[in-house]
Amino acid sequence: METGGGSDRWEESVRLKMENHKPDGTVKKNLIEIITRKINQLPEAERNLLENGSTYIGLNAALCGLIANSLFRRILHVTQAPVAAGLPMAVIPFLTAHVSYKGFVSLPLNTGDLHCETCTITRGGLVGLVFGGLYPVFLAIPVNGGLAARYNSALLPEKGNILNYWIRISKPVFRKMLFPILLQTGFAAYLGSRQYKLLIKALQLPEPDLEIQ
């Protein structure tokens with residue numbers, strides 16, 4: 001009975017610490033150590049999803065970047081430098097989305113700073129929308145616009161008509177990118193929910209030293 005009581009007290013301690021929005025340094029350090037130990041008790045597949053979920057967001061963002069890059073290249077008739085344009089359109093969105101999701105969702109979850117499922121889903125969805133979906137499309141505009149100007153593959157406007165020109169050019173791209181953007185948003189929101197539930201599951205596991213030997 002002692003073991004069960006000790007486990008309950010331990011879980012209650014973790015819960016109270018997570019509800020404290022401004023813990024001192026010692027409490028914060030202890031909380032992170034507790035969460036880390038709990039996460040390490042999860043099965044490998046669940047632990048990897050909790051720790052490396054941001055990688056999937058980054059990969060989806062890279063895919064969105066490559067699709068947007070291909071669409072703009074077709075509209076602007078750019079055939080040169082496919083690797084030079086494709087590489088940054090994959091790498092930059094990947095890193096941006098990966099780091100953003102890590103910073104806004106995964107890290108706060110793993111340090112006890114984010115303890116609300118709705119907040120986690122909202123953060124995940126917004127990161128997926130802004131950094132994983134919209135950002136790669138906007139990034140493709142200057143990349144391909146520069147190539148079009150360099151190789152004269154399309155007739156670019158005078159300075160006064162630049163904004164209207166790019167709005168007109170971008171409309172069909174955004175229409176075609178609507179589904180990938182929504183998919184990325186939904187996936188990131190789902191991943192946030194899944195990671196939150198895995199963390200709760202981990203926190204409900206007994207401490208190793210409290211288990212009956």
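Structural data are supplied above this passage.
Residues numbered from 1 in each chain as written. Predicted model: local features only at pLDDT ≥ 70, side-chain atom pairs only at ≥ 80, totals over all residues. Heavy atoms only, no water.

Some thoughts on the side chain of Glu 46
Then, number 1: Inspection of the secondary structure puts Glu 46 in helix α3 (residues 44-75).
Then, number 2: Classification of Glu 46 by relative accessible area gives buried; the value is 16%.
Then, number 3: Discounting residues that sit within four places of it in the chain, Glu 46 has contacts with Arg 194, Leu 198 and Lys 201. (Helix = DSSP H or I, 4+ residues; strand = E, 2+ residues; numbered from the N terminus. Buried < 20%, exposed > 50% of the residue type's maximum accessible area, 1.4 Å probe, protein only. Contact = heavy atoms within 4.5 Å.)

Some remarks on the nonpolar core
Then, number 1: By size, the foremost hydrophobic cluster in this structure holds 21 residues, and its most contacted members are Phe 72, Leu 76, Val 137, Tyr 165, Trp 166, Val 173 and Met 177.
Then, number 2: Breaking this core down by element, the ones donating at least two residues are α3, α4 (82-110), α5 (117-151) and α6 (162-203). (Core = buried A, V, L, I, M, F, W, Y, C linked by side-chain atoms within 4.5 Å.)

Some thoughts on α5
Then, number 1: The terminal C-alpha atoms of α5 lie 50 Å apart, and with 35 residues this matches the ideal 51 Å at 1.5 Å per residue to within 8%.
Then, number 2: At Tyr 135, α5 shows its largest bend, some 40°, and a proline, Pro 136, comes one to four positions later.
Then, number 3: Asn 152 sits one or two positions beyond α5 and adopts a positive phi of about 55°. (Expected span 1.5 Å × (residues − 1). Bend = angle between axes of the 7 residues up to and from the residue.)

Topic: the packing of α4 against α5
Then, number 1: One can describe the packing of α4 onto α5 by two numbers: an axis separation of 9 Å at closest approach and a directional angle of 160°. It follows that α4 is roughly antiparallel to α5 by the angle criterion. Between α4 and α5 lies a crossing of right-handed hand.
Then, number 2: Taken together, the residues of the contact of α4 with α5 sort by class into 19 nonpolar, 5 polar and 1 charged. (Axes fitted to C-alpha atoms, helices over the stretch in contact; angles between N-to-C directions. Parallel < 35°, antiparallel > 145°, perpendicular 65-115°, else oblique. Left-handed = near helix turned anticlockwise from the far one by under 90°. Nonpolar A, V, L, I, M, F, W, Y, C, P; charged D, E, K, R; others polar.)

A word on the packing of aromatic side chains
Then, number 1: According to the stated counting rule, one finds 2 aromatic pairs in the structure shown.
Then, number 2: Here the aromatic rings of Tyr 165 and Trp 166 are separated by 5.3 Å at their centres, their planes lie at 80°, and the arrangement is edge-to-face. Of the two residues, Tyr 165 and Trp 166, both sit in the buried class. (Phe/Tyr/Trp six-rings, centres within 6.5 Å; stacked < 30°, edge-to-face > 60°.)

Looking at unusual backbone geometry
Then, number 1: Residue His 77 is not a glycine yet carries a positive backbone phi of 60°.
Then, number 2: With respect to the helices and strands, the residue His 77 is situated in the loop between α3 and α4.
Then, number 3: Not every positive phi belongs to a glycine, and Asn 152 is a case in point at roughly 55°.
Then, number 4: Here Asn 152 lies in the loop between α5 and α6.

In short, the description is geometric, and any link to function would need to be established separately.
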